Amino acid sequence: MAESIWQQLDRMMAEYAKVKSLLRAVRGGRFRGRKPNGKWWVRFGTGRAAVDLVTDTPEELVRQAAAHRCGECGHKTLGHRLRTKDEVSCPGVSCTCKATQAEIIAKQSTTAWIAERAGLSKRELFRGVRGPSTTSDTQVTA
Ligand SMILES: [Zn+2]
Ligand SMILES: [Zn+2]
């Protein structure tokens, strides 16, 4: 049986609210909702220093936002060294953090890391939130 427009709307509202709370849990910038083209959008910083992160699905948005800042020192992941051999990290500030960009992204974009921050189990984490494999509005699993 097809579900009503109201049930679909409820589900989309729930998804929206969950994405917002997950972004808050990982301190992943400010959630700006969806662009007119349907893409999901979060903004880091303000004014001219603002950085926009835009993805096709809300799950990707949460994963990428989670890895935007280093969980150890709080500086931008992009400021970290690319390899362990590189000298400088976190330009402009003194920082003893040893993590490289690749290490931060590999660790913080995982379901396990985000679930821990959000206080949810790995199974609960993206329930009702669309991922790259289910891009259609009609395929959300409750
Ligand atoms: Zn740092
Ligand atoms: Zn760091």
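Structure's up top.
Description of the structure in this document. Remember, predicted model here, so these are calculated numbers, not experimental data.

Describing the coordination of the zinc ion (ligand 1)
Inference 1: The protein atoms donating to the zinc ion (ligand 1) are Cys73 (SG), His75 (ND1), Cys90 (SG) and Cys95 (SG), with metal-donor distances spanning 2.0 to 2.3 Å.
Inference 2: Angles of 94 to 125 degrees at the metal separate the four donor atoms of the zinc ion (ligand 1), which places the site in the tetrahedral class.
Inference 3: All donors to the zinc ion (ligand 1) come from one chain, and their sequence spacing reads C-x1-H-x14-C-x4-C.
Inference 4: In this model, the zinc ion (ligand 1) sits 3.7 Å from the zinc ion (ligand 2), the two metals being bridged by Cys73.
Inference 5: What makes Cys73 partly exposed here is its relative accessible area of 25%.
Inference 6: With a relative accessible area of 23%, His75 lands in the partly exposed category.

Some thoughts on the coordination of the zinc ion (ligand 2)
Inference 1: The zinc ion (ligand 2) binds to the protein through Cys70 (SG), Cys73 (SG), His80 (NE2) and Cys97 (SG), with metal-donor distances spanning 2.1 to 2.4 Å.
Inference 2: Coordination at the zinc ion (ligand 2) is tetrahedral, judged from the four donor atoms that bind it and the angles of 104 to 120 degrees they form at the metal.
Inference 3: When the donor residues of the zinc ion (ligand 2) are listed from N- to C-terminus, their spacing reads C-x2-C-x6-H-x16-C.

Section: the pattern of salt bridges
A pair can form between side chains of opposite charge whenever their charged atoms are brought close.
Inference 1: All told, the structure shown has six salt bridges when counted by the stated rule.
Inference 2: For Asp52, the salt bridge is made with Arg43, and the minimal N-O distance between the two is 2.8 Å.
Inference 3: Exposure remark for Arg43: the relative accessible area of 24% places this residue in the partly exposed category.
Inference 4: Between Glu59 and Arg63 there is a salt bridge, with the nearest N and O atoms lying 2.9 Å from each other. Pair noted here: Glu59 and Arg63 are both in helix H2 (residues 58–66), with a separation of four residues, about one helical turn.
Inference 5: Exposure remark for Glu59: the relative accessible area of 15% places this residue in the buried category.

Scoring rules and cut-offs
- Residues numbered from 1 in each chain as written.
- Chains lettered and ligands numbered in written order.
- Predicted model: local features only at pLDDT ≥ 70, side-chain atom pairs only at ≥ 80, totals over all residues.
- Heavy atoms only, no water.
- Donors = N, O, S within 2.8 Å, 3.2 Å for Na, K, Ca; no water.
- Tetrahedral: all angles 85-135°; square planar, octahedral: opposite > 155°, others 65-115°.
- Buried < 20%, exposed > 50% of the residue type's maximum accessible area, 1.4 Å probe, protein only.
- Salt bridge = Lys/Arg side-chain N within 4 Å of Asp/Glu carboxyl O.
- Helix = DSSP H or I, 4+ residues; strand = E, 2+ residues; numbered from the N terminus.

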